[in-house]
Amino acid sequence: MTDNSSFDDLFDSQEDRPQRPKRKKKKVWRKILVALLVIVILGVLGVGLYLWNVGRTFDNNANKLTDEQIFGTQRPDDQKEDGGTNILLLGSDEPMDQVDVNDSRGLRSDTIMVMHIPESGSDVQVMSIPRDSWVDIEGHGKAKINSALSTGGLPLAVSTISDFIGTELDHVAIIDFEGFKALTDSLGGVTVNSEQAFEKNGYTFTKGENVLDGDEALTFVRERKSFQDGDFQRARNQQAFIRGLTNEIISADTLSNPKKIQDMVKNFSPYMYVDSGLDAQYISATAFAMRDVRPGDIEFFTSPTAGVGTSSDGQSIVNVDEEELKKVQDAYKNDTLDEYVKNAPESHL
């Protein structure tokens with residue numbers, strides 16, 4: 001199976017386009033690619049003396065973006081008072097080596113996630129933000145949150161999402177989907193638990209456990225028309241895949257094989273575009289601090305919504321639950337997002 005989709009996915013334009021152009025887009029990885037940094041960090045948990053070498057491999061192969069390209073000016077203060085670390089993760093279906101990262105205006109993405117690593121390093125929370133969320137964009141009024149990049153490039157996108165969560169973003173990572181497909185195959189397949197049985201693209205998925213290769217995984221996380229609740233079941237399938245991928249990476253067979261870890265990071269990191277602060281030292285130190293974290297300690301949830309609607313200019317939008325969002329903002333700022341996720345009403349997909 002091949003995927004030649006255009007850069008449909010580094011932020012949508014403000015114009016509402018329910019039907020994409022003639023070419024069929026492969027949007028398969030948009031909700032899951034951004035879990036990359038979770039995988040990179042968790043992938044080196046428990047490997048002790050190998051942490052530094054793995055970090056160096058990542059540092060030598062990942063693509064670094066300048067602070068100006070991402071933040072517009074200098075990086076946020078690493079000594080900020082807010083607790084924990086917030087990392088913006090964006091997914092790209094188009095090969096990033098064909099993209100001019102110096103001028104990201106006009107680019108689009110359906111994937112916006114903010115990963116929170118608490119200061120204690122005891123767990124991880126990942127919040128996905130619906131691309132059609134109707135928010136304030138500085139200097140441009142109300143618009144879909146994913147229009148920020150197409151309007152003002154990465155710096156405006158970063159500042160808009162920072163405003164949305166109510167505190168600074170410490171790091172930014174953009175991921176090319178080809179890396180995830182290669183990673184799935186390099187692991188010899190990933191076992192996922194499917195809630196429903198279905199068939200698509202010549203593949204049969206049974207209810208319960210399925211071992212998927214890269215192409216099968218692509219179909220599994222992309223399909224929505226086979227389900228009554230469409231996008232919602234697709235989101236659950238995508239989360240099931242992330243859990244399976246994480247389980248495979250931190251399994252005894254993987255962690256006991258230093259060469260496998262080294263090769264995995266070496267093959268995966270070239271598909272990453274990250275800010276200057278996501279270097280070998282940071283990856284190694286963070287991984288060591290999170291050495292006791294396991295898949296069950298990673299919580300995925302969505303930002304608070306108040307239903308779908310229509311903007312004054314006719315766009316289909318997702319309304320934000322402003323009162324609930326204030327609680328999320330406080331949780332990000334006060335490093336209590338774990339408590340929020342446990343008690344939030346219907347937060348999880």
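Just so you know, these numbers come straight off a predicted model, no measurement behind them.

Draft legend 1. Spatial organisation of the pairing of strand β3 (residues 112–117). For β3, the tally of buried residues reaches six of six residues, placing the bulk of the element in the interior. With four bridges joining them, β3 and strand β4 (residues 124–128) adopt antiparallel strand pairing. Opposite Met 113, over in β4, you have Ser 128 as the bridge partner. Linking two consecutive strands that pair antiparallel, namely β3 and β4, is a turn of six residues; a positive phi of about 70 degrees is found at Gly 121 within it.

Draft legend 2. Layout of the nonpolar core. The biggest cluster of nonpolar side chains holds 39 residues, and the ones touching the most others in it are Phe 241 and Leu 245. Grouped together as the second largest cluster of nonpolar side chains are 36 residues, Val 114, Ile 129, Ala 148 and Tyr 340 included.

Draft legend 3. Inspection of the side chain of Asp 170 at higher detail. If you trace the backbone, Asp 170 turns up in the loop between α4 (147–165) and β7 (171–176). Reaching out from Asp 170, the side chain makes a polar contact with the backbone nitrogen of Asn 86 at a distance of 2.8 Å.

Draft legend 4. The arrangement of the packing of aromatic side chains in detail. Within this structure, the stated rule accounts for five aromatic pairs. Measuring from centroid to centroid gives 6.0 Å for Phe 198 and Phe 220, while their planes differ by 25 degrees, and the two rings are stacked. Of this pair, Phe 198 sits in strand β9 (residues 198–200) while Phe 220 is found in helix α6 (residues 214–222), placing the two residues 22 residues apart along the sequence. Residue classification places Phe 198 among the buried positions, given a relative accessible area of 6%. With relative accessibility at 0%, the residue Phe 220 sits in the buried group. Both rings, one in Phe 301 and one in Tyr 340, keep their centres 6.1 Å apart while their planes meet at 55 degrees; by these two values the pair is tilted. With Phe 301 in strand β13 (residues 298–302) and Tyr 340 in helix α12 (residues 337–343), this residue pair connects regions lying 39 residues apart in the sequence.

Cut-offs used in this document
- Residues numbered from 1 in each chain as written.
- Predicted model: local features only at pLDDT ≥ 70, side-chain atom pairs only at ≥ 80, totals over all residues.
- Heavy atoms only, no water.
- Buried < 20%, exposed > 50% of the residue type's maximum accessible area, 1.4 Å probe, protein only.
- Helix = DSSP H or I, 4+ residues; strand = E, 2+ residues; numbered from the N terminus.
- Pairing = 2+ DSSP bridges.
- Core = buried A, V, L, I, M, F, W, Y, C linked by side-chain atoms within 4.5 Å.
- Polar contact = N/O pair within 3.5 Å; in protein donor to acceptor, adjacent residues only side chain to side chain.
- Phe/Tyr/Trp six-rings, centres within 6.5 Å; stacked < 30°, edge-to-face > 60°.

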